[in-house]
Amino acid sequence: MKLYAVSDGPPSLAVRMALQALNIPYEHISVDYGKGEHMTEAYEKMNPQKEIPVLDDDGFFLSESNAILQYLCDKYAPTNALYPTDPKERAVVNHRLCFNQAFLYPQISAYVMAPIFFDYQRTEMGLKKLNIALAAFETYLQRGGMKYAASNGLTIADFPLVTSVMCLEAIAFDVRTRYPTVYEWYAGFKRDHPELWSIAAQGMEEIAEFEKNPPDLSGMVHPIHPIRKQAAKK
């Protein structure tokens, strides 16, 4: 099994945490985002979306991190509590996965990641959207009254949610004051699963460093995102 992934991308880190939690051996093939390796024809054959990560399970290529998380459990650990079999319990896990992918992470990505890697600015509107998403997450956790995002036990829903909130910590965004339930859940994961958190922590450190010193992506040709112009060297 091979995982084509970056070292700091939340979706990549979420899949790596699942592989670790399920004790599935794999080869991590690093994709050089700065060199645009995900934009090549070779990569497109694995994933026409040209997004990261991609799982190669003996020639079976699968993209979309949520689908990868579900596949790993279904194939390699069908009775594991990380992905419960009870329909209602599984529905909550699936909801949290969808919530992160469609509602929370897009706002975190737009506010945190896009201004680091591309020519975007953090705006009041972006902050408003981020706070709306975080407020919804706070409500879900409060109403659920459970230790983890979807259950009283760890599930695959926690992995992408943790790696999303990790981005906020990387830029010193104050989650604790306004969203105490989110903070307690996040801190609890870090405390109770240090072996999994260590995977995300490395990515967070990279993002934090990029926040201080944005990477030079001037050599990349991206079909959507505007590339930040680099100052001429004297």
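The structure displayed is predicted, hence computed values, not measured ones.

Side note on the nonpolar core
Here is step 1 of the chain: One finds Phe-159 and Trp-185 to be the most contacted residues of the largest nonpolar core, which totals 68 residues.
Here is step 2 of the chain: Listed by contribution, the elements that provide at least two residues to this core are strand S1 (2–5), helix H1 (10–21), helix H3 (65–76), helix H4 (87–117), helix H5 (124–144), helix H6 (158–170), helix H8 (180–192) and helix H9 (194–212).
Here is step 3 of the chain: At 11 residues, H4 tops the list of elements feeding residues into this core.
Here is step 4 of the chain: Taken domain by domain, this core gets at least three of its residues from each of domain 1 (2–77) and domain 2 (87–212).
Here is step 5 of the chain: Residues contacting Trp-185, with those up to four places away along its chain left out, are Phe-137, Leu-141, Lys-147, Tyr-148, Ala-149, Asp-158, Leu-161, Val-162 and Val-165.
Here is step 6 of the chain: Tyr-4, Val-6, Tyr-43 and Met-46 belong to the second-largest nonpolar core, a separate cluster that totals 7 residues.

Topic: the layout of surface pockets
Here is step 1 of the chain: By volume, the largest pocket amounts to about 1200 Å³.
Here is step 2 of the chain: Forming the walls of the largest pocket are 45 residues, and the residues nearest its centre are Pro-11, Tyr-33, Ile-52, Tyr-105 and Ser-109.
Here is step 3 of the chain: When contributions to the lining of the largest pocket are tallied by element, the ones reaching two or more residues are H1, H3, H4 and H6.
Here is step 4 of the chain: Sorting elements by how many residues they give to the lining of the largest pocket places H4 first, with 10 residues.
Here is step 5 of the chain: Classifying every residue of the lining of the largest pocket gives 22 nonpolar, 18 polar and 5 charged.

Thoughts on the UniProt feature "domain: GST C-terminal" (unreviewed entry) in the protein chain
Here is step 1 of the chain: Residues given the UniProt feature "domain: GST C-terminal" (unreviewed entry) here are residues 86–216.
Here is step 2 of the chain: The annotated region residues 86–216 carries 77% helix and 0% strand content, and the separation between its end C-alpha atoms amounts to 47 Å.

Comments concerning the pairing of strand S3 (residues 54–57)
Here is step 1 of the chain: Burial of S3 is two-sided: the residues Val-54 and Asp-56 facing one way and the residues Leu-55 and Asp-57 facing the other way are all buried.
Here is step 2 of the chain: Note: S3 against strand S4 (residues 60–63), 4 bridges, orientation antiparallel. Residue pairing across strands places Leu-55 opposite Leu-62, the latter belonging to S4.
Here is step 3 of the chain: In this structure, the hairpin formed by S3 and S4 is closed by a connection of 2 residues, where Asp-58 is found at a positive phi of approximately 55°.

Points about the packing of H6 against H9
Here is step 1 of the chain: Direction vectors running N to C along H6 and H9 enclose 35°, while the axes themselves pass 9 Å from each other. The element H6 and its partner H9 pack so that their crossing is right-handed. Each of Phe-159, Val-162, Thr-163, Met-166, Cys-167, Glu-169 and Ala-170 in H6 lies in contact with H9, whose residues at this interface are Leu-196, Trp-197, Ala-200, Gly-203, Met-204, Ile-207 and Ala-208.
Here is step 2 of the chain: Its residues assigned to classes, the contact of H6 with H9 comprises 11 nonpolar, 2 polar and 1 charged.

Calculation notes
Residues numbered from 1 in each chain as written. Predicted model: local features only at pLDDT ≥ 70, side-chain atom pairs only at ≥ 80, totals over all residues. Heavy atoms only, no water. Core = buried A, V, L, I, M, F, W, Y, C linked by side-chain atoms within 4.5 Å. Buried < 20%, exposed > 50% of the residue type's maximum accessible area, 1.4 Å probe, protein only. Helix = DSSP H or I, 4+ residues; strand = E, 2+ residues; numbered from the N terminus. Domains from an automatic or database assignment. Contact = heavy atoms within 4.5 Å. 1 Å grid on protein atoms, 1.4 Å probe; cavity = no way out; pocket = protein on both sides within 12 Å on 5 of 7 lines; lining within 4 Å. Points joined across faces, edges and corners; volume = space filled by probe spheres on them. Nonpolar A, V, L, I, M, F, W, Y, C, P; charged D, E, K, R; others polar. UniProt positions renumbered as here; feature names shortened; annotations may be inferred. Pairing = 2+ DSSP bridges. Axes fitted to C-alpha atoms, helices over the stretch in contact; angles between N-to-C directions. Left-handed = near helix turned anticlockwise from the far one by under 90°.

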